[in-house]
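Given next are the chains, with one letter for each unit.
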Protein chains: 2
Amino acid sequence: MEDSARQGNTRERLLEVSAELFRERGFHATSMRDIARVAGMRPASIYHHFAGKETILQELMRGFLGELLSTAQSAAAQAGDAPGRLAAVVRAHMRLHAACATVALVTDTELRALQGPARQEILALRDRYEEIVQDILRQGMRDGVMQVTDIKIASYQLLAMGTGVVFWWRPDGRLSLEEVVEQYVLAAYRLCGVHP
Amino acid sequence: MEDSARQGNTRERLLEVSAELFRERGFHATSMRDIARVAGMRPASIYHHFAGKETILQELMRGFLGELLSTAQSAAAQAGDAPGRLAAVVRAHMRLHAACATVALVTDTELRALQGPARQEILALRDRYEEIVQDILRQGMRDGVMQVTDIKIASYQLLAMGTGVVFWWRPDGRLSLEEVVEQYVLAAYRLCGVHP
DNA sequence: CAATTAACCTAACGATCGTTCGGCAGGGGA
DNA sequence: TCCCCTGCCGAACGATCGTTAGGTTAATTG
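It should be emphasised that the depicted structure is a prediction, and the values quoted were computed from it without experimental measurement.

Rules behind the numbers
The residue numbering used here restarts from 1 in each chain and proceeds along that chain's sequence as written. Both sets of labels track the order of writing: A upward for chains, 1 upward for ligands. Thresholds applied to this predicted model are a pLDDT of at least 70 for local features of residues and 80 or more for the giving and counting of side-chain atom pairs; totals over whole chains, interfaces and linings are not thresholded and use all residues. For side-chain calculations, the full set of non-hydrogen atoms in the structure is used, while hydrogens and water are omitted. Pairing of aromatic side chains requires ring centres within 6.5 Å, counting the rings of Phe and Tyr and the six-membered ring of Trp. Pairs whose planes differ by under 30 degrees are stacked, by over 60 edge-to-face, and all others tilted. Put simply, DSSP H or I for four residues or longer makes a helix, DSSP E for two residues or longer makes a strand, and each gets a number counted from the N terminus. In our convention, an over-ring charge means Lys NZ or Arg CZ found within 6 Å of a ring centre and within 35 degrees of that ring's normal. It only takes one pair of heavy atoms within 4.5 Å for two residues to be counted as in contact. Summed over both partners, the accessible surface that disappears when two parts come together, traced with a 1.4 Å probe, is what is meant by buried area. Every case where a carboxyl oxygen of Asp or Glu lies within 4 Å of a side-chain nitrogen of Lys or Arg is listed as a salt bridge. Polar contact criterion, stated in full: a pair of N or O atoms within 3.5 Å, where within protein one must be able to donate a hydrogen and the other to accept it, and residues adjacent in sequence count only if both atoms are side-chain atoms. Put simply, Ala, Val, Leu, Ile, Met, Phe, Trp, Tyr, Cys and Pro go in the nonpolar bin, Asp, Glu, Lys and Arg in the charged bin, and everything else, Gly too, in the polar bin. Each copy is superposed on the other by least squares, with the fit set by C-alpha atoms of residues at a pLDDT of at least 70 in both. As used throughout, domain bounds are those supplied by an automatic or database domain assignment.

**Points about the packing of aromatic side chains**
Across all of its chains, the model carries 5 aromatic pairs over all chains by this definition. Centre to centre, the rings of Trp168(A) and Tyr156(B) are 5.1 Å apart; their planes meet at 35°, and the pair counts as tilted. Of this pair, Trp168(A) sits in the loop between α8 (151-163) and α9 (177-191) while Tyr156(B) is found in helix α8 (residues 151-163), placing the two residues in two different chains. Above the plane of the ring of Phe27(A) lies Lys53(A), whose end atom (NZ or CZ) is 4.5 Å from the centre.

**Structural notes on the interface of chain A and chain B**
Counting residues at the interface gives 34 residues for chain A, matched by 34 residues for chain B. For the chain A and chain B pair, buried surface summed over both sides reaches about 2,600 Å², with 56% attributable to carbon and sulfur atoms. In terms of surface lost to chain B, no three residues of chain A exceed Arg112(A), Ile153(A) and Arg190(A), which account for 27% of the buried area on that side. Put simply, Glu110(B) and Arg112(A) hold a salt bridge, and the shortest N to O gap is 2.8 Å. For the interface between chain A and chain B, the tally reads 12 residue pairs in polar contact (both at pLDDT 80 or more). Going through the elements one at a time, α1 (4-25), α6 (101-109), α8 and α9 of chain A are the ones with two or more residues in the side of chain A that touches chain B. Among the elements that make up the side of chain A that touches chain B, the one with the highest residue count is α9(A) (7 residues). Here the side of chain A that touches chain B is built from residues that sort into 16 nonpolar, 9 polar and 9 charged.

**Describing the relation of the copies chain A and chain B**
Of the transformation superimposing chain A on chain B, the axial component is 0.0 Å and the angular component is 180°, with the fit at an RMSD of 0.0 Å. Interpreted geometrically, this transformation is the action of a two-fold axis. Comparing interface residues between copies, 100% of those in chain A also sit at the interface in chain B, which points to an isologous, same-surface contact.

**Brief notes about the pattern of salt bridges**
Using the criterion set out here, one finds 20 salt bridges over all chains in the structure. A salt bridge links Asp150(A) to Arg174(B), with the shortest nitrogen-to-oxygen separation between them at 2.8 Å. Of this pair, Asp150(A) sits in the loop between α7 (116-142) and α8 while Arg174(B) sits in the loop between α8 and α9 (177-191), which puts the two residues in different chains. Here Glu182(B) ties to Arg91(B) by a salt bridge, and the two come within 2.8 Å at their closest N and O atoms. With Glu182(B) in helix α9 and Arg91(B) in helix α5 (residues 82-99), this pair connects stretches of sequence that are 91 residues apart. Here the residues in one salt-bridge network are Arg25(A), Asp34(A) and Arg37(A), joined through shared partners.

**Re the domain arrangement of chain A**
All names here are of chain A. Domain boundaries assigned for chain A yield domain 1 (1-50) and domain 2 (56-191). Placing a centre on the C-alpha atoms of domain 1 and another on those of domain 2 gives a separation of 28 Å. Counting from both sides, the interface comprises 13 residues of domain 1 and, opposite them, 9 residues of domain 2. Taking both sides of the interface into account, the surface hidden between domain 1 and domain 2 amounts to around 1,100 Å²; carbon and sulfur atoms contribute 75%. Of all residues in domain 1, Phe22, Arg23 and Phe27 bury the most surface against domain 2, accounting for 44% of the area lost on that side. Where domain 1 touches domain 2, the interface holds 1 salt bridge. Taken together, the connections running from domain 1 to domain 2 amount to 2 residue pairs in polar contact (both at pLDDT 80 or more).

Here is the structure:
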């Protein structure tokens, strides 16, 4: 089945187009006719590749959060003290959010559009991501190299800060990606009370 | 016109109901029929109080951002060094976000739903809010009591962190509001490199 | 008391929504 | 050659959308 390449291209193209439209207008303000028009096909043809509109959103979120989770787990699993692990997670987080800025923004802003089991599944992925950060904070506190008043609040502050980058960062901006990444690593260190 | 109280009540009730529904389902997933049903009236009656659905959202955002801006300006205008002004702004920000958690969340997540001049107006209010923070950071750098690598990025980090509180804070939560407020003041100090 | 107006109603408009049905073109396998 | 399957299409379904026109009620005003 060498035509799976063509199918894969169409599927992937539909996902990209949908993500772009969801980011610009929001999930509910984007119609299947909009997606079809930009993708160069008719609305009915989309249903050959996806079961429905919400399925497209699910696939986008599952893909992004899954990748975010696996890269964060790899980063957190590498040997080192808590600050080193935190820095690795922040760098992985930032680079993936920069590489997938569109779908990252959609994932963070359209959680309300999901319903039923898919919503629970996505929320579970997000919770696991939070726990990675909180585990590092606990280790840092235990080792006496981090000073935070409340681990949960500190993790919320870290995640809100790190997620917010998709709202302003642009690849052609004033600062290079790696400069921005290192500023967020420094900010994370400061938030956690890591002594420089 | 003592019946202005009744009209004011209905208008205010419609605003509250709309904010609650916009927060739960999002602006585009909320219909005028939904709003009318929860408010105990018929869809057509809403148009006696508002020109249309988007007008309701505009009014919610204008009201919240206007109040946020005025309280922040008062906080920033009080005499004191940069850290003192920053702490005052953070406290005002947190207390207003806690008091108006619903409309605060709507304001932060439904900007895409606004179009035309109203969108520009709301964006201008948000920009003025950013500038308040950036002015304080500039003063802190000038006085040598703050250490940030980039003022714009630092302000984005601060605002993302401070805005994110609406996504997890609940009035009946584990910590009192003032405890949370002071943790965010401490976090802001750390982010800005204020020496303790 | 007459006139006005605010507040709300019923009913319906045209548009658009997500989705489905049945069919058409064409290439690969038997 | 025949068949089937993939990919796409035209057309339409029922539902729901934001909004409006016009009427009714009750309170206020002059």
